[in-house]
Amino acid sequence: MKNQMDLLIEFTKDEDPRARATAIAGLAKLADPRGFAPVLVALFDPIDEVRITAATALGVFGDARALEPLAACLGDECEQVAVNCVWALGQIPGREGVARLVELLADEGAAAAVRTAAATALGERAEAKDRRLAAELLQDDALVDAARAALLTLLSSEDDELRATAVWALGHLPASDGAVDALVAALEDPYEWTVRYAVEALANAGDARAVEPLRKLAGDERQELRELAEKALGIIS
């Protein structure tokens, strides 16, 4: 009698794409190394849903052998596949996956959604519950500098979500003088979520240069922004 693992692997080759996607999700849940190879193959399935599921599953496996295949799929015709590949790169131990995320941030030819996903993945890596994963980024000064520089360039993007996510990610990296200046400037961004994340990032930075701009924001007509600014001032002072 076939066990659960054997059945799931078998179903990754089923004619029904929904069965294939379900099997891949099941293999990710089990996280048994034997499931890695069939999931990797599924990353190149002709059906979007299957590739989307496979990309996420590869992040769960966290196997460095998936780095190059995931990078190769960043230009997938289905944007959600590319976005999930970005997330998966951020879950793989080692410096290379994070370096790929930084490259994506600087790639002006990449879709805004993909660059937004890269910024999100960097921020999540910095606050990862697995402290080893976080340390691989935060204790690598060169990588932090490159990530910060790439994120700062995104603050001039016309895409609201990309700017906001870049600010959010900056708040999870060690502060620098240039980053604090940029975050202070972001307090006047027209997109409210950019402002919110800038307030939180400045509170984390604890830099006195943010005090006066935050006091100004504390008089804003928007109640939630006022409250955030007052909370940040309490932390900095």
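Only a predicted model underlies this, so the values are computations on that prediction, with no experimental measurement involved.

S.K.: Which parts of the structure should I look at to understand the side chain of Arg-20?
M.R.: For Arg-20, the position within the fold is in helix 2 (residues 17-30). Those residues in contact with Arg-20, other than ones at most four positions away along the chain, are Phe-11, Thr-12, Lys-13, Asp-14, Glu-15, Asp-45, Ile-47 and Val-50.

S.K.: Could you clarify how one ought to interpret the nonpolar core in this entry?
M.R.: The nonpolar side chains of soluble globular proteins are, as a tendency, buried together. With 83 residues, the main nonpolar core has Leu-70, Val-86, Leu-151 and Leu-214 as its most contacted residues. The contact partners of Val-86, leaving out residues within four places of it in the chain, are Leu-74, Leu-101, Leu-104, Val-114, Ala-117, Ala-118 and Ala-121.

S.K.: What is the right way to look at the environment of Ala-166 in this model?
M.R.: Here Ala-166 shows up in helix 11 (residues 160-170). Residue class for Ala-166 comes out buried when judged on its relative accessible area of 0%. Remark: the alpha-carbon pair of Ala-166 and Ala-110, spanning 56 residues in sequence, is separated by 15 Å. Discounting chain neighbours no more than four positions away, the residues touching Ala-166 are Ala-119, Leu-151, Leu-154 and Leu-155.

S.K.: What exactly am I supposed to notice about helix 4 (residues 48-61) here?
M.R.: Every α-helix winds through 3.6 residues per turn, so residues three or four apart in the chain are directed the same way. Between its terminal C-alpha atoms helix 4 stretches 20 Å, which fits the 20 Å expected from 14 residues at 1.5 Å a residue. Residues of helix 4 that are buried: Val-50, Arg-51, Thr-53, Ala-54, Ala-55, Ala-57, Leu-58, Gly-59 and Phe-61. Buried residues in helix 4 make contact with helix 2, helix 3 (36-42), helix 5 (67-72) and helix 6 (79-91).

S.K.: Before we go on, may I ask you to explain the packing of helix 11 against helix 13 (residues 192-205) in this structure?
M.R.: Angle between the axes and distance between the axes: these two values describe a pair of packed helices. The contact between helix 11 and helix 13 brings their axes to 8 Å, and the two run at 5°. Between helix 11 and helix 13, the angle falls in the class roughly parallel. Taking contact as the criterion, the partners of Asp-160, Arg-163, Ala-164, Val-167 and Trp-168 in helix 11 are, on helix 13, Trp-193, Thr-194, Tyr-197, Ala-198 and Ala-201.

S.K.: Is there a simple way to explain the packing of aromatic side chains in this structure?
M.R.: Geometry of an aromatic ring pair is reported as the spacing of the ring centres plus the angle between the planes. What the rule picks out here adds up to 2 aromatic pairs. Look at Phe-36 and Phe-61: their rings are 6.0 Å apart centre to centre, the planes differ by 75°, and that puts the pair in the edge-to-face class. Linking Phe-36 in helix 3 with Phe-61 in helix 4, this pair joins segments that are 25 residues apart in sequence. Assessed through its relative accessible area of 4%, Phe-36 is described here as buried. Of the residues examined, Phe-61 reaches a relative accessible area of 17% and is grouped as buried. In this structure, Arg-196 is placed above the aromatic ring of Trp-193, and the distance from its NZ or CZ to the ring centre is 4.3 Å.

S.K.: Would you explain helix 10 (residues 141-153) in this entry?
M.R.: Relative to the 18 Å expected for 13 residues at 1.5 Å per residue, helix 10 spans 19 Å between its end C-alpha atoms, a close match to the ideal helical length. Turning to helix 10, its buried residues number three or more, namely Leu-143, Val-144, Ala-147, Arg-148, Ala-150 and Leu-151. Along the axis of helix 10, the buried residues cluster in a sector spanning 165°; they form a single face. The secondary structure elements touched by the buried residues of helix 10 are helix 7 (95-106), helix 8 (112-126), helix 9 (131-138), helix 11 and helix 12 (177-186).

S.K.: Looking at this structure, I do not really get the packing of helix 8 against helix 9. What am I missing?
M.R.: Their axes nearest at 7 Å, the elements helix 8 and helix 9 cross at an angle of 115°. Comparing the axis directions of helix 8 and helix 9 gives the class roughly perpendicular. Touching Leu-122, Arg-125 and Ala-126 of helix 8 are Arg-131, Leu-133, Ala-134, Glu-136, Leu-137 and Leu-138, all from helix 9. Broken down by class, the residue content of the contact of helix 8 with helix 9 amounts to 6 nonpolar, no polar and 3 charged.

S.K.: Help me understand the pattern of salt bridges, please; the structure alone is not making it clear to me.
M.R.: Once their charged atoms are close, side chains differing in charge can pair, the charge on each being opposite to the other. Summed over the entire model, instances satisfying the criterion amount to 22 salt bridges. Among the ionic pairs, Arg-20 bridges to Asp-45, the shortest N-O distance being 2.9 Å. With a gap of 25 residues between them, Arg-20 in helix 2 and Asp-45 in the loop between helix 3 and helix 4 connect regions that are remote in the sequence. Salt-bridge contacts for Arg-34 lead to Asp-32; the nearest nitrogen and oxygen are separated by 3.0 Å. Residues participating in the shared-partner salt-bridge network are Asp-177, Asp-181, Asp-207 and Arg-209.

S.K.: What is the right way to look at the environment of Lys-13 in this model?
M.R.: Within the element layout of this structure, Lys-13 appears in the loop between helix 1 (4-11) and helix 2. C-alpha of Lys-13 to C-alpha of Pro-38: the two residues are 25 residues apart in sequence and 8.7 Å apart in space.

S.K.: What's the story with the side chain of Asp-189 in this structure? I'm lost.
M.R.: Following the sequence through the fold, Asp-189 ends up in the loop between helix 12 and helix 13. What makes Asp-189 buried here is its relative accessible area of 14%. Side chain to side chain, Asp-189 and Thr-194 meet in a polar contact 3.5 Å long. Leaving out residues up to four positions away in the same chain, Asp-189 has contacts with Arg-163, Thr-194 and Val-195.

Parameters at a glance
- Residues numbered from 1 in each chain as written.
- Predicted model: local features only at pLDDT ≥ 70, side-chain atom pairs only at ≥ 80, totals over all residues.
- Heavy atoms only, no water.
- Helix = DSSP H or I, 4+ residues; strand = E, 2+ residues; numbered from the N terminus.
- Contact = heavy atoms within 4.5 Å.
- Core = buried A, V, L, I, M, F, W, Y, C linked by side-chain atoms within 4.5 Å.
- Buried < 20%, exposed > 50% of the residue type's maximum accessible area, 1.4 Å probe, protein only.
- Expected span 1.5 Å × (residues − 1).
- Axes fitted to C-alpha atoms, helices over the stretch in contact; angles between N-to-C directions.
- Parallel < 35°, antiparallel > 145°, perpendicular 65-115°, else oblique.
- Phe/Tyr/Trp six-rings, centres within 6.5 Å; stacked < 30°, edge-to-face > 60°.
- Lys NZ or Arg CZ within 6 Å of the ring centre and 35° of its normal.
- Arc of directions from axis to C-beta.
- Nonpolar A, V, L, I, M, F, W, Y, C, P; charged D, E, K, R; others polar.
- Salt bridge = Lys/Arg side-chain N within 4 Å of Asp/Glu carboxyl O.
- Polar contact = N/O pair within 3.5 Å; in protein donor to acceptor, adjacent residues only side chain to side chain.

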